[in-house]
Structure formats: C-alpha cells, structure tokens
Amino acid sequence: MKFALVDDIRTTAKPRLSGVCIGCGSVVIPKCGPRRRHHWAHKSKQDCNYLREPETDWHRAWKDEFPEDWQEVVQFNEETGEKHIADIQTDHGWTLEVQNSAISEDEKESRNDFYPNLVWVVNALKMKKAHSQLLEVKAVARKIVSHRLFDVYWSRGLYQDYRRRDQWFNNKSVIAFDYGDKEKDAEDNTNWLWVLLPDDSHQFLVPLRESYFIRLIREGRLSSFIELVRQEIAISPEKLDSW
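To start, this report covers the structure provided alongside it.

Scoring rules and cut-offs
- Residues numbered from 1 in each chain as written.
- Predicted model: local features only at pLDDT ≥ 70, side-chain atom pairs only at ≥ 80, totals over all residues.
- Heavy atoms only, no water.
- Phe/Tyr/Trp six-rings, centres within 6.5 Å; stacked < 30°, edge-to-face > 60°.
- Helix = DSSP H or I, 4+ residues; strand = E, 2+ residues; numbered from the N terminus.
- Buried < 20%, exposed > 50% of the residue type's maximum accessible area, 1.4 Å probe, protein only.
- Lys NZ or Arg CZ within 6 Å of the ring centre and 35° of its normal.
- Contact = heavy atoms within 4.5 Å.
- Salt bridge = Lys/Arg side-chain N within 4 Å of Asp/Glu carboxyl O.

Points about the packing of aromatic side chains
No. 1: Following the criterion strictly, the structure yields seven aromatic pairs and no others.
No. 2: Between W62 and F213, the aromatic rings sit 6.3 Å apart at their centres with planes inclined by 80°, giving edge-to-face as the arrangement. With W62 in helix 1 (residues 57–63) and F213 in helix 5 (residues 210–218), the pair connects residues that are 151 residues apart, well separated along the chain. Each member of the pair, W62 as well as F213, carries the same accessibility label: buried.
No. 3: Each residue in the set F150, Y212 and F225 is aromatic and connected to the rest through ring pairs, giving one cluster.
No. 4: Just above the ring of F3 sits the side chain of R10; from NZ or CZ to the centre is 4.1 Å.

Next up, the structure:
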C-alpha cells in the first residue's frame, strides 16, 4: 500500500516510521529498499481484508496518474457496514479498481455491487491468452461506429464464448484492458486501451489512447463520454441480433 496513517495523517512510506493500516487498523511498517517502490506492509503475517494484493510498479504507475487525495480512499456503507478501499475514488463519483492479478468471482461481484460507478483497469498481460483473445475479436468484430473521437466494435459470437469462460468479459462494470507494449502506437509511442462497455444484452469494445482515457477521468468527463458512445451506437438489440 502507498499510504498509512502516521499520527492520524495519511503518509507515504519512509524509513524508521511506524504506521497504521487505513483499512484494518493493524500496525504496518515501511519497506524502503532499492528494488521496489517504497510501500507499507503489515507487520503481522495475518491477511488484511482490505489490502490483499501486493502492489506492483504497474499498479502504482496507474494510481500515480491521479491526485494523491483520490488514491486509496476508504469507502464505507453505513447501512450494511461493508467497507472497501478504492484504488482511486474521484471527485466526480467514479471509482477505479486497478487489478494486476485474478480475483475470485465473489470478490469481483462484491465490488461491482458496492460501487455505483466502477471502472476496472485490468493488466491484460496477466490474463491467460488475453492478447490472443483480443486479436481474435479484432479479426472478426464489426466496426459499428466511427466517430471523430472513437470507434466502437462489436462481435456477438466471441463475446458469448468469452463471457462463459473469462471473468472479465462477464462483467457489468466498465473495464479498461491494458495490454502495455502489445497495443502501442509505433508512430507516437502511445499505449492503447481496449475499453469494454457492458450493456443489458451486448458488450462493446472502444479502443482509446491511454492518455485520453486518463484525461476523461481526471476532468470528470467519463460519464458524458460513455453517454456519447451509447448515443452513437444507436442500434436496437434486434438489429444487432440479426447480424
């Protein structure tokens, strides 16, 4: 984790400090070695229910694209008593969960249900056969929208197949698949994300430059962008089913 409470103040890890986990309240100690980014770790080997996944450089790099006061924010539902720590909680009502490894279906659905506006940023290179799946989709998908800001792709058969056997293609929140260098623009050295937008009966893929996607979130324009995409699709489910 990047932050712990030191004298009740959110603090990054530094040598000789001692802190408290913002999730479970246990003692955490700074890890400030030369090989990994500085971070906090639980002093006890007992698992924390709120911060389970070890943070990688990829994970930290995504979080650092946003203001520090948006990072690792405790979210609590007073009615149910449920608590989560959002990787990113924006001032515009969106939550980002930056996921580097597989999680259980129960945990995924727990977060989907907890956050009203959730985007998963998934390290697709850690997914089994992830890039080959994307190439399959790109080979047969129909481009159903060509807008000056974005294109939209759709492929019924492959999505139905992947939804049965892949936890991320079977999801009700927005997902941004990060393929790293495998989806890099050779001309301007820019990474492309493939953003999956769920629908009641269909799913749509929207390739976006990583920098543009981040800007939409930072500037609070993600909701209006998604609405624009849905307006541009403007195709009835009946017509899609006939393709």
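Thoughts on the environment of Y153
No. 1: For Y153, the position within the fold is in strand 11 (residues 151–154).
No. 2: Residue Y153 is classed as buried on the basis of its relative accessible area, which comes to 17%.
No. 3: Along the primary structure Y153 and L205 are separated by 52 residues, whereas in three dimensions their C-alpha atoms are 5.1 Å apart.

What about helix 2 (residues 105–114)?
No. 1: Every buried residue of helix 2 is accounted for by E107, K108, R111, N112 and F114.
No. 2: Buried residues along helix 2 sit in contact with strand 6 (71–76), strand 7 (83–89), strand 8 (95–99) and strand 9 (118–123).

A look at the pattern of salt bridges
No. 1: Considering all chains together, one arrives at 12 salt bridges under this definition.
No. 2: A salt bridge links K63 to E72, with the nearest nitrogen and oxygen atoms 2.5 Å apart.
No. 3: Judged by its relative accessible area of 2%, E72 is buried.
No. 4: Across the pair R111 and E97 runs a salt bridge, and its minimum N-O distance is 2.7 Å. Residue R111 is located in helix 2, and its partner E97 is located in strand 8; the two are separated by 14 residues in the primary sequence.
No. 5: Taking relative accessible area as the criterion, R111 reaches 12% and is therefore assigned buried.
No. 6: It is possible to trace a salt-bridge network through shared partners that takes in K2, R37, D57, D64 and E68.

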